[in-house]
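# Close look at the chain arrangement
Each chain is listed here by its residues.
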Amino acid sequence: ELGVNLKVVTILFPDPWSRRRHAGRRVVTPEMVRVLAGVLPPGAKVYCCSDVKPLSAEMQALFLMNPAFALDEGAYSELGEMEDTPEL
């Protein structure tokens, strides 16, 4: 069975497509979340990271809309959100 041995999935800086018109090209989609929910065993972790805060929030929302996933409050409080930095 696919996914049985997976314990952690990391999705790091997946989307250079930050504009709304490119949303269809994004890596984290409702379909991807459904697939991961179907193959990951209970207790598996998914870590997402983006340097674009709205995309990070969008990824988090997509995972939290699926009942197979929950926010790990301990990891979130330790790693948290990125701080806003001034534009270069």
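Counting from 1, residues in each chain are numbered in the order their sequence is written. In keeping with the model being predicted, local features are shown solely for residues with a pLDDT of at least 70 and side-chain atom pairs are shown and tallied solely at 80 or more, while totals for entire chains, interfaces and linings include all residues. Side-chain calculation: all heavy atoms of the structure are included, whereas hydrogens and water are not.

## A few points about the overall build of the protein chain
For clarity, the threshold we go by: Secondary structure counts use DSSP, requiring at least four H or I residues in a row for a helix and at least two E residues in a row for a strand, with both numbered from the N terminus. For the exposure calls, accessible area comes from a 1.4 Å probe over protein chains only, and a residue counts as buried if that area is under 20% of its type's maximum, exposed if over 50%, partly exposed in between. Contacts are assigned to residue pairs that have any heavy atoms within 4.5 Å of one another. To be clear on the numbers: accessible area is Shrake-Rupley with a 1.4 Å probe, and residue cover counts the displayed protein chains and nothing else.
Along the protein chain, the regular secondary structure elements total three helices and two strands. Helices and strands in the protein chain line up, N terminus first, as β-α-β-α-α. Counting all 88 residues of the protein chain, 22% fall into the buried class. Taking the intrachain contacts of the protein chain between residues at least 6 apart in sequence as the baseline, contacts between residues at least 24 apart amount to 70%. As displayed, the protein chain has an accessible area near 6,600 Å², and 57% of this comes from carbon and sulfur atoms.

## A closer look at the pattern of salt bridges
We count it as follows: We count a salt bridge whenever a side-chain nitrogen from Lys or Arg sits within 4 Å of a carboxyl oxygen from Asp or Glu.
This model, assessed by the stated rule, comprises three salt bridges. Here Arg34 ties to Glu31 by a salt bridge, and the two come within 2.9 Å at their closest N and O atoms. Highlighted residues: Arg34 and Glu31, both in helix α1 (residues 30-39), separated by three residues, approximately one helical turn. Here Glu31 falls in the partly exposed class, since its relative accessible area comes to 44%.

## Observations regarding the confidence of the model for the protein chain
The condition is simple: Each residue carries a pLDDT value, the predictor's own confidence for that position, ranging from 0 to 100.
Of all residues in the protein chain, 75% attain a pLDDT of 70 or more, and the chain-wide mean is 81. Considering each helix and strand of the protein chain separately, the mean pLDDT is smallest for helix α3 (residues 73-79), with a value of 78, and largest for α1, with 93.

## Describing the nonpolar core
Buried together is how nonpolar side chains tend to be arranged in soluble globular proteins. Convention followed: Residue types Ala, Val, Leu, Ile, Met, Phe, Trp, Tyr and Cys, when buried and joined through side-chain atoms within 4.5 Å, form a set referred to as a nonpolar core.
Counting ten residues, the largest nonpolar core is built from Val9, Ile11, Val28, Val33, Leu36, Leu40, Met59, Leu62, Phe63 and Phe69. Taken together, the elements giving at least two residues each to this core come down to β1 (8-12), α1 and α2 (53-64). For this core, the leading source of residues is α2, giving three residues.

## A closer look at the state of the cysteines
Put simply, the test is: Disulfides are defined as pairs of cysteine sulfur atoms found within 2.5 Å of each other.
Counted according to the given criterion, the structure contains zero disulfides. Here Cys48 is not disulfide-linked; the sulfur of Cys49 is the nearest cysteine sulfur, at 8.8 Å. Since its relative accessible area comes to 32%, Cys48 is described here as partly exposed.

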